[in-house]
Amino acid sequence: AMVEKGEYRHFMEKEIHEQPDSVQHTLSEYLDLVTGTAKTNTIDFAAIDRIQIVACGTAFYAGQIGRYAFEKLAGLPCDVEIASEFRYRSPAVTQKTLAVAVSQSGETADTLASLIWCKAQGLNTAAVVNVHSSSMARVAAVLWPTHAGPEIGVASTKAFTAQVAALLALAVAAGVARGRIDAAREAELVKALFESPRLIAEALTMGDSIRAVVQDLAKADDVLFLGRGAMFPLAMEGALKLKEISYIHAEGYAAGELKHGPIALIDEETPTIALAPLDDVFEKTASNLQEVAARGGPVIMIAPEKAPDLHGAGIRRIHAPDCHPLIAPLVYAVPVQLLAYYTAVQKGTDVDQPRNLAKSVTVE
Ligand code: G6P
């Protein structure tokens, strides 16, 4: 069936607003809200000792967010690699490794080739895909579907958060199956995950405060995104979104790496966007932002209202919903997407069909 834009100006805007539903639908595939439990039977998580995720583009960043969760919640060593590197470098894999392809389309040539290679090595394989009839869905031994629905905008939004939701839920399932998470903790994490659709909806109301900063952002030649923990891959995703649709050069960095290079770029013209939920590394990120501000760099800090104010001229704040740290990548994905979207609209670019990009890269 034809997908229509309806009341929205662009498919990307529509897809951003569909995320409460697409995340809810995807979580329901893996978690039971009523019993507060995760489905642990999609794969034998006790029989594997490592996860190797392969993906490209936005799906690669979703994979990196998944990695933090698999290691923290399930004690499972997890590697994430860009598929075009993985497939050509003769990686060393061990037999108890589970290979996981993450892909919206299920057709990206490099990701598919990596999956086929892993299968030929005798590994167990799974595919987190949004198109359930795709090549990767057929090739993988286990299909881990996302339920984002058809995504038309070339810049991925709802497919990304659906991938993150699936991976976070699967990490909880893996933690339970491996005896790392007891019933009380499982119930807490499942409840936290099911709070994300409501908090994503709340984050969607941040549009006005985001529109207030894009005027300045649209004038920049370079933008730096900073984050720690799962906010680090989200910072890279934020930079990717901004460059894809607004053609502004942007980089995502681990905030702790600021001193090792990017701080040399800081001047009055280079905005820094910080993803700063109130987690156990908030203070560390805050001190990085003060270093940026002290060098005259404009800072936009996205953090909950109750987060402390930072000392330093030029630090602007955008309030994000307060949330459980596990779901911060889902909630903070929204301001990241809206920043890119409104900046592109401000610049007048072709938001849904950015130059030189394809929705699905099925040839190398
Ligand atoms: C292209 C798209 C991206 C997407 C990437 C991987 O570059 O423009 O939005 O993240 O391919 O696509 P996949 O379908 O494998 O997720």
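Higher on the page you've got the structure.
Residues numbered from 1 in each chain as written. Predicted model: local features only at pLDDT ≥ 70, side-chain atom pairs only at ≥ 80, totals over all residues.

Details of the overall build of the protein
Defined as follows: By definition, any uninterrupted DSSP run of H or I lasting at least four residues is a helix, any uninterrupted run of E lasting at least two residues is a strand, and each is numbered from the N terminus. Placing C-beta atoms from the backbone, we regard two residues as in contact once those atoms come within 7 Å.
Check the secondary structure of the protein and you find 13 helices and twelve strands. Viewed in the frame of its principal axes, the protein has a C-alpha envelope of about 55 × 45 × 40 Å. When contacts within the protein are restricted to residue pairs at least 6 apart in sequence, those whose partners lie at least 24 apart make up 75%.

Here's the deal with the sheet that holds strand β8 (residues 222–227)
What counts is decided by this rule: Strands were regarded as paired on the criterion that DSSP finds at least two bridges between them. Between the N-to-C directions of two axes lies an angle of 0 to 180 degrees, each axis being a line fitted to C-alpha atoms and, for a helix, fitted only over the stretch in contact.
The five strands are arranged β9-β8-β10-β11-β12 in an open sheet whose pairing can be described as parallel. This sheet does not close on itself; its edge strands, each paired only once, are β9 (249–254) and β12 (315–320). This sheet shows a mean twist of 20° between the axes of neighbouring strands, independent of strand direction. With six bridges joining them, strand β11 (residues 299–304) and β12 adopt parallel strand pairing.

Some points on the site of the ligand
Selection criterion: Using a C-beta atom placed from the backbone, a residue is scored as near a molecule or strand whenever that atom is within 6 Å of it. Residue polarity is assigned by list, with Asp, Glu, Lys and Arg as charged and Ala, Val, Leu, Ile, Met, Phe, Trp, Tyr, Cys and Pro as nonpolar; anything else, Gly included, falls into the polar class.
The ligand sits among 15 residues. The nearest are G57, T58, S103, S105 and T108. Here the element with the most residues in the shell around the ligand is helix α3 (residues 57–74); it accounts for three residues. Along the lines of polarity and charge, the residues of the shell around the ligand split into five nonpolar, nine polar and one charged.

Some details on the packing of α3 against helix α11 (residues 231–246)
In helix packing, the relevant descriptors are the interaxial angle and the interaxial distance, both defined with respect to the helix axes. What counts, and what does not: Just so you know how the angles are binned, under 35 degrees is roughly parallel, over 145 roughly antiparallel, 65 to 115 roughly perpendicular, and the rest oblique. Crossing handedness: left-handed means the near helix sits turned counterclockwise from the far one by under a right angle, and right-handed means the same turn made clockwise.
As a packed pair, α3 and α11 sit with axes 9 Å apart at the nearest point and diverge in direction by 165°. In terms of axis orientation, α3 runs roughly antiparallel to α11. Between α3 and α11 lies a crossing of left-handed hand. Touching T58, Y61, Q64 and I65 of α3 are P233, L234, M236, E237 and L240, all from α11. Looking at side-chain class alone, the contact of α3 with α11 contains six nonpolar, two polar and one charged residues.

A closer look at the nonpolar core
Operational definition: Only buried Ala, Val, Leu, Ile, Met, Phe, Trp, Tyr and Cys residues enter a nonpolar core, and they are joined through C-beta atoms within 7 Å. Residue burial here comes from a neighbour count, namely the number of other C-beta atoms, placed from the backbone, that lie within 10 Å of the residue's own C-beta, with 20 or more meaning buried, 12 or fewer meaning exposed, and in between meaning partly exposed.
One finds A169, V172 and V331 to be the most contacted residues of the largest nonpolar core, which totals 129 residues. Those residues within four positions of V172 in sequence are excluded, and the remaining contacts are A38, L73, I181, E186, L189 and V190.

With respect to the pairing of strand β10 (residues 272–275)
Our working definition: The handedness of a crossover follows from its direction of travel: if, with the strands pointing away from the viewer, the path from the first strand over the helix to the second runs clockwise, the crossover is right-handed.
In β10, alternate side chains face the same way, and those of T272 and A274 on one face and I273 and L275 on the other are all buried. By the bridge criterion, three bridges tie β8 to β10 in an arrangement that is parallel. Looking at β10, one finds that F225 is bridged to I273. Examined bridge by bridge, β10 and β11 share four bridges and lie parallel to one another. If you follow L275 over to β11, its bridge partner there is I302. For the segment spanning β10, helix α12 (residues 282–294) and β11, crossover handedness is right-handed.

Quick look at the environment of D352
In this structure, D352 sits in the segment after α13 (328–347). Residues D352 and P325, 27 residues apart in the sequence, show an inter-C-alpha distance of 31 Å. When residues no more than four places from it in sequence are discounted, the contact partners of D352 are H10, F11, M12, I152, G153 and V154.

Focus on the sheet that holds strand β3 (residues 50–55)
What the five strands build is an open sheet, ordered β4-β3-β5-β6-β7; its pairing is parallel. Looking at strand neighbours, the two that pair on one side only are β4 (78–82) and β7 (142–145), the edges of this open sheet. The sheet shows a mean angle of 20° between the axes of neighbouring strands, direction not considered. Across five bridges, the pairing between β3 and strand β5 (residues 97–103) is parallel. Within β5, the residue paired with R50 across the bridge is T97. Helix α7 (residues 158–177) contacts β5, β6 (124–129) and β7 of the sheet and is inclined by roughly 140° relative to β6.

A closer look at helix α9 (residues 196–203)
What counts, and what does not: Working definition: the arc comes from the directions between the helix axis and the C-beta atoms, pointing outward to the latter.
Among the residues making up α9, those that are buried are S196, P197, L199, I200 and A203. The arc that holds every buried residue of α9, seen down its axis, measures 165°, which confines them to one face. Residues of α9 that are buried sit in contact with α2 (19–30), α7, α8 (183–194), β12 and α13.

Some details on α3
To be explicit about the condition: One less than the residue count of a helix, multiplied by 1.5 Å, gives the span that helix is expected to have.
Here α3 spans 25 Å end to end across 18 residues, near enough to the 26 Å set by a 1.5 Å rise per residue. In terms of burial, α3 is largely enclosed, as 16 of its 18 residues are buried. Phi turns positive one or two residues past the end of α3, at G75, with a value near 60°.

A look at unusual backbone geometry
The general pattern is negative phi for most residues beyond glycine and trans for most peptide bonds. Positioned with a positive phi, S90 is a non-glycine residue whose angle comes to about 50°. A positive phi is found at N356, a non-glycine position, where the angle reads about 65°. In this structure, N356 sits in the segment after α13. For N356, a count of 6 C-beta atoms within 10 Å gives the class exposed.

Distances and angles like these do not, on their own, reveal function.
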